[in-house]
Amino acid sequence: MKVKRFNIPLYGYGVSLIEVETKDDAKIIRKELKRNRIDPEDISQIEEEIIQGKFNGGYTYRHQKSKMFCVILFPCTSPAQRLNTLGHEKRHIEDRLAQYVGIDDIEAMGYIAGFLTEKLFA
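Please read all numbers here as calculations on a predicted model, not as lab measurements.

A closer look at the pairing of strand 3 (residues 58-63)
Part 1 of the reasoning: Sheet topology note: the strand 3/strand 4 (residues 68-73) ladder contains 6 bridges and is antiparallel. By the bridge assignment, R62 is partnered in strand 4 with F69.
Part 2 of the reasoning: Between the antiparallel neighbours strand 3 and strand 4 lie 4 residues, among them K67 with a positive phi of about 55°.

Below, the structure written as structure tokens:
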């Protein structure tokens, strides 16, 4: 399991990207998910999906009160599929951030998109 954390400056939101690598990650992911304030029922579902070998998918969770986003990325069958899935999840962050902080400016969202791309894909 790989974990990457960063903050979105100016808006005060944190992001955690958790990449599942093997089925063994089901044994260690709970602590990280709790840290990100994921609902216990969702944690159990994620653990079960890891055990079942889910791939080519992901989830984006948010906890608005603590200003946190958490992206779960399951193993992907190709680098292109990883990019596709991660891009999909990135868009969820962009949309929710715009909604939560009231951004109605195309250029501001463009900067956020670029920032998130740099952080998530690097």
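Considerations on helix 4 (residues 106-121)
Part 1 of the reasoning: For helix 4, with 16 residues, the first-to-last C-alpha span of 22 Å sits near the 22 Å given by 1.5 Å per residue.
Part 2 of the reasoning: The set of residues buried in helix 4 consists of M109, I112, A113, L116 and L120. Buried residues in helix 4, looked at end-on, bunch into an arc of 105°, giving them a common side. Exposed side chains of helix 4 directed beyond 90 degrees from the buried face belong to E107, Y111 and E118.
Part 3 of the reasoning: On its buried face, helix 4 is in contact with strand 1 (2-8), strand 2 (13-19) and helix 3 (79-101).

Here's the deal with the packing of helix 3 against helix 4
Part 1 of the reasoning: Running from amino to carboxyl end, helix 3 crosses helix 4 at an angle of 140°, the nearest separation of the two axes being 10 Å. Taken together, the axes of helix 3 and helix 4 lie oblique to each other. By crossing handedness, the relation of helix 3 to helix 4 is classed as right-handed. Two secondary-structure elements touch here, helix 3 through R82, L83, L86, G87, K90, I93, E94, L97 and A98 and helix 4 through M109, I112, A113, L116, T117, L120 and F121.
Part 2 of the reasoning: Across the contact of helix 3 with helix 4, the residue classes tally to 11 nonpolar, 2 polar and 3 charged.

What to know about unusual backbone geometry
Part 1 of the reasoning: Here the phi dihedral of L10 falls at roughly 80°; this positive angle occurs in a residue that is not glycine.
Part 2 of the reasoning: With respect to the helices, strands and loops of the structure, L10 is situated in the loop between strand 1 and strand 2.
Part 3 of the reasoning: Here L10 falls in the exposed class, since its relative accessible area comes to 81%.
Part 4 of the reasoning: Here R37, not a glycine, exhibits a phi torsion of approximately 60°, which is positive.
Part 5 of the reasoning: Along the chain, R37 turns up in the loop between helix 1 (29-35) and helix 2 (40-51).

About the thresholds
Within each chain, residue numbers correspond to sequence positions counted from 1 in written order. Given that this is a predicted model, residues contribute local features only at a pLDDT of at least 70 and side-chain atom pairs are listed and counted only at 80 or more, while totals for whole chains, interfaces and linings are drawn from all residues. Think of the side-chain values as coming from all heavy atoms in the structure, minus any hydrogens and water. DSSP-based pairing: two strands are paired if at least 2 bridges between them are found. Runs of E in the DSSP output that reach at least two residues are strands. Runs of H or I that reach at least four are helices, and both are numbered from the N terminus. Take the residue count of a helix, subtract one, and multiply by 1.5 Å to get its expected span. Exposed residues in this analysis have more than 50% of their type's maximum accessible area, buried residues have under 20%, and partly exposed residues fall in between, with area computed by a 1.4 Å probe over protein chains only. Comment: arc refers to directions from the helix axis out to C-beta atoms. The contact criterion used throughout is that any non-hydrogen atoms of two residues lie within 4.5 Å. Every axis corresponds to a line fitted to the C-alpha atoms, with the helix fit spanning only the stretch in contact, and the corresponding angles, defined between N-to-C directions, vary from 0 to 180 degrees. For classification purposes, an angle smaller than 35 degrees is called roughly parallel, one larger than 145 roughly antiparallel, one from 65 to 115 roughly perpendicular, and anything else oblique. With the far helix as reference, a near helix turned anticlockwise by less than a right angle produces a left-handed crossing, and one turned clockwise produces a right-handed crossing. Residues are sorted three ways: Asp, Glu, Lys and Arg are charged, Ala, Val, Leu, Ile, Met, Phe, Trp, Tyr, Cys and Pro are nonpolar, and all the rest, Gly among them, are polar.

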